[in-house]
Number of protein chains: 2
Amino acid sequence: MILLFDKKRLLLYLCTDRALAMGRPLAALVEAAVAGGVTMVQLREKGLNTRDFLEEARAMRALTKRLGVPLVINDRVDIALAAGADGVHLGGNDLPVEAARALAGGRLFIGATARSVEAARAAKEAGADYLGVGAMFPTGTKSDTVTIGPATLRAIKEATGMPTVGIGGVNARNAALVTAAGADGVAVVSAILSKPDAEAAARAIRKAAEGAIRPARDNPE
Amino acid sequence: MILLFDKKRLLLYLCTDRALAMGRPLAALVEAAVAGGVTMVQLREKGLNTRDFLEEARAMRALTKRLGVPLVINDRVDIALAAGADGVHLGGNDLPVEAARALAGGRLFIGATARSVEAARAAKEAGADYLGVGAMFPTGTKSDTVTIGPATLRAIKEATGMPTVGIGGVNARNAALVTAAGADGVAVVSAILSKPDAEAAARAIRKAAEGAIRPARDNPE
């Protein structure tokens with residue numbers, strides 16, 4: 001765990017996917033989404049070579065710095081460090097959390113994908129700073145992902161107390177179910193990136209996500 | 001430049017390519033090639049995800065340690081560091097040498113691909129430990145590579161004095177042309193990996209490569 005990670009940044013977490021941007025520049029979409037309330041950005045690039053991914057990451061680093069939101073790089077610790085990103089997100093096909101922590105020390109916060117209480121405990125033990133839990137709902141973004149739902153997220157949150165974001169099929173209609181289950185926020189791909197108005201889409205999801213978090217905060221119990 | 005790099009290790013440098021191994025396990029081929037005289041091994045994996053690449057690198061680390069040859073990882077500084085490899089090799093689509101050096105410090109030696117005197121000077125300036133120069137000859141391994149030949153290698157060696165290995169289309173018949181042009185060794189892919197007897201293939205190339213280096217060493221001038 002490192003000090004620079006603030007779990008409030010998980011509230012509305014945008015994960016990029018070039019294929020869903022329908023030819024529009026990612027930078028413009030990210031800027032619109034942040035204007036609509038996105039609190040953190042993850043750059044995901046599966047098709048680029050290392051040099052091109054680094055250049056994209058550096059451009060996104062400059063943009064997110066200007067916009068005042070943390071930047072997370074998917075999978076690649078080397079690129080996250082070379083681009084000066086704030087964090088790295090590790091899925092099951094990426095470096096193990098221990099290996100990433102050994103490379104990054106305190107220079108990056110580390111997010112880890114967890115699909116079970118057992119995996120969540122292991123990620124916490126290995127030094128992850130937050131958990132990405134999903135899929136919350138059926139999704140077209142990742143066809144190989146099992147839907148585990150908000151109930152598993154609630155169990156993970158209760159078992160670990162870790163900062164946790166729900167991902168997978170989240171949109172304005174169901175985001176409140178995720179935060180009501182104890183998530184610190186929702187991670188979104190297509191429900192923002194594939195919309196004609198990314199800013200309005202982000203605003204609607206944020207409002208829904210906050211709706212289920214606010215009452216708990218205001219509750220004197 | 002770091003102390004652990006020994007340019008004599010460039011003499012016969014095997015670069016792996018799973019596709020050329022014709023279904024045979026890489027480990028067995030590497031072991032045979034080292035028995036035949038290979039002095040350094042580079043693991044190249046373009047199709048694997050990070051986790052699988054790391055596992056392969058760790059297995060190759062254990063094998064090369066047992067065989068007593070340095071291990072270099074292609075492209076991925078994160079995997080090289082996490083696997084405890086000796087070096088990383090960076091081509092034009094990989095991290096810039098400066099960025100890799102900033103990540104690796106003195107924990108890895110760094111090889112850089114150079115196809116011109118200008119690129120070689122830049123790589124030296126950026127902190128590379130050796131240069132990979134090619135293609136020496138026409139090759140089927142990389143269809144997008146321009147053949148620059150031993151003459152350009154000679155010009156690079158004279159301009160930079162860097163430890164230099166010639167790569168691309170090198171085999172037992174032409175290896176002496178590369179070392180005669182000033183290379184410290186030859187890097188080989190298919191001329192070892194795609195042969196039924198990798199050990200014999202390595203032995204023949206090493207003999208050819210050494211043939212042009214030995215007289216210069218024995219020369220009292």
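Just so it is clear, the model here is predicted, and its values are computed rather than measured.

Here is what the cut-offs are and how they apply
- Residues numbered from 1 in each chain as written.
- Chains lettered and ligands numbered in written order.
- Predicted model: local features only at pLDDT ≥ 70, side-chain atom pairs only at ≥ 80, totals over all residues.
- Heavy atoms only, no water.
- Helix = DSSP H or I, 4+ residues; strand = E, 2+ residues; numbered from the N terminus.
- Rg over C-alpha atoms; globule rule 2.2 N^0.38 Å.
- Buried < 20%, exposed > 50% of the residue type's maximum accessible area, 1.4 Å probe, protein only.
- Contact = heavy atoms within 4.5 Å.
- Areas by Shrake-Rupley, 256 points an atom, 1.4 Å probe, with all protein chains shown as cover.
- Lys, Arg positive; Asp, Glu negative; His and termini not counted.
- Charge placed at Lys NZ, Arg CZ, Asp CG, Glu CD.
- Expected span 1.5 Å × (residues − 1).
- Arc of directions from axis to C-beta.
- Polar contact = N/O pair within 3.5 Å; in protein donor to acceptor, adjacent residues only side chain to side chain.

Student: Help me get a handle on the overall build of chain A, residues and values and all.
Tutor: Per the secondary structure count, chain A includes nine helices and eight strands. For 221 residues, the compact-globule formula gives about 17 Å, and the C-alpha radius of gyration of chain A, at 16 Å, lands near that figure. Within the span of chain A, comprising 221 residues, buried residues form 56% of the whole. Considering only intrachain contacts with a sequence separation of at least 6, the fraction spanning at least 24 residues in chain A is 61%. Only carbon and sulfur atoms are counted for the fraction: they give 53% of the accessible area of chain A, which is about 9300 Å². For chain A, the centre of its 28 positive side-chain charges and the centre of its 23 negative side-chain charges are spaced 3 Å apart.

Student: Tell me about helix α6 (residues 149-160) of chain A, and please be specific about residues and values.
Tutor: All names here are of chain A. Compared with an ideal rise of 1.5 Å per residue, which puts twelve residues at 16 Å, α6 spans 17 Å between its outermost C-alpha atoms and is within 8% of the ideal. When we look at burial in α6, the residues that qualify are Gly-149, Pro-150, Leu-153, Ile-156, Lys-157 and Thr-160. Take α6 and look down its axis: the buried residues cluster within an arc of 135°, on one side only. Those residues of α6 that are exposed and aimed more than 90 degrees away from the buried face are Ala-151 and Glu-158. Where the residues of α6 are buried, they touch β5 (109-114), α5 (117-126), β6 (130-134), β7 (164-167) and α7 (175-180).

Student: Run through the side chain of Gln-42 of chain B, naming residues and quoting values.
Tutor: Residue and element names in this part refer to chain B. With respect to the helices and strands, the residue Gln-42 is situated in strand β2 (residues 40-43). Of the polar contacts made by the side chain of Gln-42, one reaches the side chain of Asn-74; its length is 2.8 Å. Ignoring any residue separated from it by four or fewer positions in sequence, one finds Gln-42 in contact with Tyr-13, Leu-14, Cys-15, Thr-16, Val-72, Asn-74, His-89 and Tyr-130.

Student: Describe in detail unusual backbone geometry, supporting the description with residues and values.
Tutor: Cis rather than trans, the peptide bond between Gly-134 of chain A and Ala-135 of chain A has omega equal to 5°. Within the secondary structure, Ala-135 of chain A is located in the loop between β6 and α6. One non-glycine residue, Met-22 of chain B, lies in the positive phi region at around 50°. Summarising the element assignment, Met-22 of chain B is placed in the loop between β1 (12-15) and α1 (26-35). In this model, Asp-75 of chain B sits at a positive phi of 75°, which is unusual for a non-glycine residue.

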